[in-house]
Every structure is written in structure tokens, then in C-alpha cells.
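Here is how the chains run, residue by residue.
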Amino acid sequence: MPSVDVVDETFLAVPRARVAAELGDPACWPRLWPDLRLEVVTDRGEQGVRWTVGGALVGSMEVWLEEVLDGTVLHYYLRADATDRQGRPAPQPRRRAAAESRRRQRAAKAIAFALKDRLESGRAPGEPPTVA
């Protein structure tokens, strides 16, 4: 079982294609996950991306984009372990692993909320998504 196991969901009142364009762009990944090296395992286009993860963690990460009502639910999954200096999985004490999981959970929500703020900009609450 991985020591870091993050599951997050955020609703964005934005068409799935716009969210997919943002998160599917490899140029944005180092900004969103600066200490992780991502390799695409499955590019599902508008439905999301699945990666293997290297760098500070080793494991897998996935973004699944689900059309819901007039927007998109951004599902985020990160399952990984800390690494040693050679990039191999390194068991962590329980408290350190829990702290890292909490840190990654906060980071995932910050990414989702920043995306939500940017893509929903100009949309009044309760109004349909803006079309761009």
C-alpha cells in the first residue's frame, strides 16, 4: 500500500474540453507538480491523463475528467511512496508519511481551486458556464 494516497474531487463549471486542455498540456506539469517527473501511461484526451510518477515520489497519478451537469468534476488520484537518493521507494515512518499525504492533499486542492478560479473567471454564481 502506498504511503501517499490522495483522492480529490472538485466541480468546475467549465466544459470538460477546457479543463482537459489545461491539464493535458505537458508544459504546465512542472509548474503544477515541480518535484515530480511525469510520464504519460494513458492519454484519454478529454477524459484525462494517467501518469507514472518519479522524482520526490514514485508511483502513479491520474486526472479523470467527468462531465456532470453543466461542468466537469475533476477527479485527482496520487498513489506513491517517498524515494531514497537513488529514486527507489523508501519506507517512511507513519507520521512522516501522514504529513506528506496531508501536504499533497492541500496541494491538490490548491491546484484545483486555482484552475477553477481561472477557468470560471467572469462567470456569475448560478449562471451557465462561459464559452470560450
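Structure first, text after, so check above.
What you are looking at is a predicted structure, and each value in this text was computed from that prediction instead of being measured.

Let's shift gears to the pairing of strand β4 (residues 57–68). For strand β3 (residues 48–55) and β4, the ladder comprises six bridges, and the chain directions are antiparallel. Each residue of the ladder has a partner; that of T52, found in β4, is S60. Linkage of β3 to β4, two consecutive antiparallel strands, is achieved through a turn of one residue. In terms of strand pairing, β4 meets strand β5 (residues 71–82) through twelve bridges, oriented antiparallel. Across the sheet, residue W64 finds its bridge partner in β5, namely H75. Hairpin remark: β4 followed by β5, antiparallel, with two residues in the connecting loop; positive phi at L69, about 50°.

Checked against the element boundaries, T83 lands in the loop between β5 and α3 (94–119). Within the structure, the side chain of T83 is placed 2.9 Å from the backbone oxygen of G55, a separation counted as a polar contact. Looking at T83, its side chain comes within polar contact range of the main-chain oxygen of A56, at 3.4 Å. With near-sequence residues (within four places) excluded, T83 lies in contact with G55, A56, L57, V58, R88, P89 and A90.

Conventions and cut-offs
- Residue numbers restart at each chain and count upward from 1, following the sequence in its written direction.
- This being a predicted model, a pLDDT of at least 70 is required before a residue's local features are given, and a value of 80 or more before pairs of side-chain atoms are given or counted; all residues contribute to the totals for chains, interfaces and linings.
- Water and hydrogen atoms play no part in the side-chain values, which are based on all heavy atoms of the structure.
- In this scheme, strands are said to pair when DSSP sees at least two bridges between them.
- Going along the chain from the N terminus, every DSSP run of H or I of four or more residues is numbered as a helix, and every run of E of two or more is numbered as a strand.
- Nitrogen and oxygen atoms within 3.5 Å of one another constitute a polar contact, given that in protein one can donate a hydrogen and the other can accept it, and given that sequence-neighbouring residues count only through two side-chain atoms.
- Should any heavy atoms of two residues lie within 4.5 Å, those residues are considered in contact.

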